[in-house]
Amino acid sequence: MSDISNPPLPRRAMLGLLATGAAAISLGAEAVPASQNGMAANGKRGKHEPNASHPELADRPGGNHQSLAPAAVDIMYRPAIHYSPKLGFMNDPNGLLHRDGLYHLYFQYDPDASLAGHVHWGHATSSDLYHWHDQPIAIDETPSGEAFTGSVVADPDNLSGLFKAGQTGMVAIYTRASAHSQTQWIATGLDGQTLTDAPGNPVLDLHSDSFRDPKVIFHAPSGQWVMVVALSRLHQIGFFTSPDLQHWTEASRFGPAGLLGIDYECPNLVELPVADGGSRWVLFVSINPGSPQGGSCTQYFVGDFDGRAFTADRPVAQIIDFAKDFYALQFYAGVEKPTAIAWMGNWQYCQEVPTHAWRGLMTLPREMSLAHDPIQGLRLAQQPAGLEALRGPRIAMDPGRIDAGSARQVALPEGQAIELSITFEIDNDPSGPAAGGKGRGGRFAIEFSNDQGEMLSIGVDALAQQAWLDRSRLRGFSQPFFTGQFSTPIAPRDRRARFRIILDACSVEVFTQDGMEVGTALIYPAAPLNLLRLHTSGSDAIVHAVELHPLAKTMERSTWSGEV
Ligand code: FRU
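Residues numbered from 1 in each chain as written. Predicted model: local features only at pLDDT ≥ 70, side-chain atom pairs only at ≥ 80, totals over all residues. Heavy atoms only, no water.

**Q** Please set out the overall build of the chain residue by residue, giving values where relevant.
**A** When you go through the chain residue by residue, the secondary structure sums to three helices and 35 strands. The buried share of the chain, reckoned over its 564 residues, is 59%. In the chain, once contacts between residues fewer than 6 apart in sequence are set aside, the share between residues at least 24 apart is 63%. (Helix = DSSP H or I, 4+ residues; strand = E, 2+ residues; numbered from the N terminus. Buried < 20%, exposed > 50% of the residue type's maximum accessible area, 1.4 Å probe, protein only. Contact = heavy atoms within 4.5 Å.)

**Q** An account of the sheet that holds strand E2 (residues 102-110) is needed here, citing residue identities and associated values.
**A** Pairing is mixed in the open sheet, where five strands are placed in the order E4-E3-E2-E1-E20. Looking at the sheet topology across the chains shown, the edges are occupied by strand E4 (133-139) and strand E20 (358-359). Pairing between strand E1 (residues 88-99) and E20: two bridges, direction parallel. Bridge assignment links Gly 88 to a residue of E20, and that residue is Trp 358. (Pairing = 2+ DSSP bridges.)

**Q** So what's going on with the site of the ligand? Which residues, and what values?
**A** Around the ligand sit 15 residues, and of these Asp 92, Gln 108, Arg 212, Asp 213 and Trp 347 come closest. Contact distances for the ligand include 2.8 Å between an oxygen atom and a side-chain N or O atom of Arg 212. Contacts to the ligand include Asp 213, whose side-chain N or O atom sits 2.5 Å from an oxygen atom. Compared with its free state, where it exposes 320 Å², the ligand has 100% of that area covered by protein. Of all the secondary-structure elements, those providing two or more residues to the shell around the ligand are E1, strand E5 (146-155), strand E9 (211-219) and strand E13 (263-273). For the shell around the ligand, the per-class residue count stands at five nonpolar, six polar and four charged. (Near = heavy atom within 4 Å. Polar contact = N/O pair within 3.5 Å; in protein donor to acceptor, adjacent residues only side chain to side chain. Areas by Shrake-Rupley, 256 points an atom, 1.4 Å probe, with all protein chains shown as cover. Nonpolar A, V, L, I, M, F, W, Y, C, P; charged D, E, K, R; others polar.)

**Q** For the packing of aromatic side chains, give the residues involved together with the corresponding values.
**A** How two aromatic rings sit relative to each other is given by the distance of their centres and the angle of their planes. Within the structure shown, the criterion is met by 25 aromatic pairs. Arranged with centres 5.2 Å apart and planes meeting at 70 degrees, the rings of Phe 107 and Tyr 109 form a pair that is edge-to-face. With respect to class, Phe 107 is no different from Tyr 109; both count as buried. These aromatic residues form a ring-pair network of at least three members: Tyr 77, Tyr 349, Phe 477, Phe 482 and Tyr 524. For Arg 176, the ring lying beneath its charged end belongs to Trp 185, and the centroid distance is 5.4 Å. The residue whose ring lies beneath Arg 471 is Phe 482, and the NZ or CZ to ring-centre distance is 3.7 Å. (Phe/Tyr/Trp six-rings, centres within 6.5 Å; stacked < 30°, edge-to-face > 60°. Lys NZ or Arg CZ within 6 Å of the ring centre and 35° of its normal.)

**Q** Which residues make up the pairing of strand E19 (residues 339-344), and what are the values?
**A** Most of E19 is tucked away: six of the six residues are buried. By the bridge criterion, three bridges tie strand E18 (residues 327-331) to E19 in an arrangement that is antiparallel. Bridging across to E19, Phe 331 finds its partner in Ala 340. Strand direction decides the pairing type here: E19 and strand E22 (residues 366-373), joined by two bridges, are antiparallel. The residue of E22 that forms the bridge with Thr 339 is Glu 367.

**Q** Which residues make up the pattern of salt bridges, and what values go with them?
**A** Applying the stated rule across the entire model yields 20 salt bridges. A salt bridge links Arg 557 to Asp 134, with the shortest nitrogen-to-oxygen separation between them at 2.7 Å. Of the two residues, Arg 557 is situated in the segment after strand E35 (541-551) and Asp 134 in strand E4; the sequence distance between them amounts to 423 residues. Since its relative accessible area comes to 6%, Arg 557 is described here as buried. On the basis of relative accessibility, which here comes to 35%, the residue Asp 134 falls in the partly exposed class. (Salt bridge = Lys/Arg side-chain N within 4 Å of Asp/Glu carboxyl O.)

**Q** Explain the confidence of the model for the chain residue by residue, including any values.
**A** Model confidence for the chain is summarised by a mean pLDDT of 88, while 85% of its residues fall at 70 or above. Within the model, the stretch residues 434-438 combines pLDDT values under 50 with two contacts to residues more than four positions away or in other chains. (pLDDT = per-residue confidence, 0-100.)

**Q** Can you tell me about unusual backbone geometry, naming the residues and giving the values?
**A** The amide bond that connects Asn 201 to the next residue, Pro 202, takes the cis arrangement and shows omega of -5 degrees. Residue placement: Pro 202 occurs in the loop between strand E8 (196-197) and E9. Asn 288 connects to Pro 289 through a cis peptide bond whose omega is -20 degrees. Along the chain, the position of Pro 289 falls in the loop between strand E14 (279-288) and strand E15 (297-305). Positioned with a positive phi, Cys 266 is a non-glycine residue whose angle comes to about 45 degrees. The residue Cys 266 is located in strand E13 in this model. Of note, Gln 465 is a non-glycine position whose phi angle comes to about 55 degrees, a positive value. Structurally, the position occupied by Gln 465 is in the loop between strand E28 (455-461) and strand E29 (466-473). Taking the relative accessible area as the measure of exposure, Gln 465 reaches 31% and is therefore partly exposed.

**Q** How would you sum up the nonpolar core? Please name residues and give values.
**A** In terms of nonpolar packing, the biggest core is built from 39 residues, with Ile 446, Phe 448 and Phe 499 touching the most fellow members. Of all elements in the fold, only strand E26 (417-425), strand E27 (443-449), E28, E29, strand E31 (497-504), strand E32 (507-512), strand E34 (531-537) and E35 reach the threshold of two or more residues within this core. Counting 23 residues, the second-largest nonpolar core is a separate cluster that includes Tyr 109, Ala 328, Trp 347 and Met 362. (Core = buried A, V, L, I, M, F, W, Y, C linked by side-chain atoms within 4.5 Å.)

As structure tokens, this is what we get:
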């Protein structure tokens, strides 16, 4: 099915045509107070309420003339097991669907520049969430607007009525965004290679220019589709229901709640298992800018959902990540274990990171559940999904005591992703901490370094009972917002701290407290980090268990091999 009134144009031809549209989605344009329904005070469209994530090209450092010719940095920072686009700029994951044995990963994509803008839906597929194969662009930018974030559902029973007799397929629900309008559209496909706009679009229009990022799930108890979608500047999440994906009725709104920031973006609603039984509903809301850590971040609320409305247990936001580079997560449809992927980036600096030909990568796929934290209540618990299958032969590293002030080290292979799992105890005094914490000091540092004096360090301070992630001693990228040091409280259970760390070129993902504290960070060392050192200070430490593995490369991309 094609939209005859708006025939797709060749991508390059549109760049000139749509330049004014792109410029209008700019930061810092006149602010008009939002009315309750998102319309301008005079009831007409035309209010300019920009998407803060997409600053005007000409205003951005680096300008709009970026070469896509690959340079040495493009290879040095290229991840081996994380999805990154071959060329161009990528942000949010879209349309995550598992169907017929294939995982679909669509994503926000400008194929022609390594800057955000002219957004299409890029596409990759995989049978295991790690070996990704690039596919053609699935949804184009058209004269109706850019193809902003959205989701895809399978429609095995043709509930939508959008397929011919005997056919079933996939339906994308996404935002068409132009300078003055954001509306929800649907597009269909049989195998997901191309998603073709259905007749009758838009299917949902509030006459707003800050209404985006629909995520649709099928709610079996009520036998209908449920859409969560951001009314971005109102700081509300709209809940809409539909029997057929074409006709939508507003059921409720959630918010303002939690962290507001400037824009609410990319909501997700999912039922997650709780560690000791049962399940709860969780509403995820990304905000940009306005994260306490700076820029963009994703928060979540645990609560109940009755098919029409979401009620949070507490109107308190919990932020998913203690570092800065986890945004716009989306959950897979069609999987048994709740699994999500997020964009590893932050709108504060994603368009200036030091790669040239490509920018943007996805997090590893993560299995999500809820677990009880004795102090903070129910919290999200995350673990990388199925990573064990990539493990190469163990790199020898012995457990045992490390005396205060000493270290243990091992060389790391360059150009390969690395997984470190470690359990350690900083203070071996079985009587526990003395009053005021005296005698319970000590730091345990996990340091990835090189002979250029660069270091990425992750560790625990026993007295503060906090973990840190410090990327400030890497020299490949400097920018005012690219801050270096992050921390999170951790209360080691049985006085042991457990970390699982995945290092892959320009990325590090740190899982601790059984995945209830996770730090996701972009890292840009000027030279590869090829030494791992475990270092203690102020106290002895015991390493109870340590496992270090290289991870087999899964991406068909040129990665660092010692020279470029
Ligand atoms: C979030 C976001 C979404 C929007 C998309 C555009 O990163 O700003 O709200 O749909 O990016 O690429």
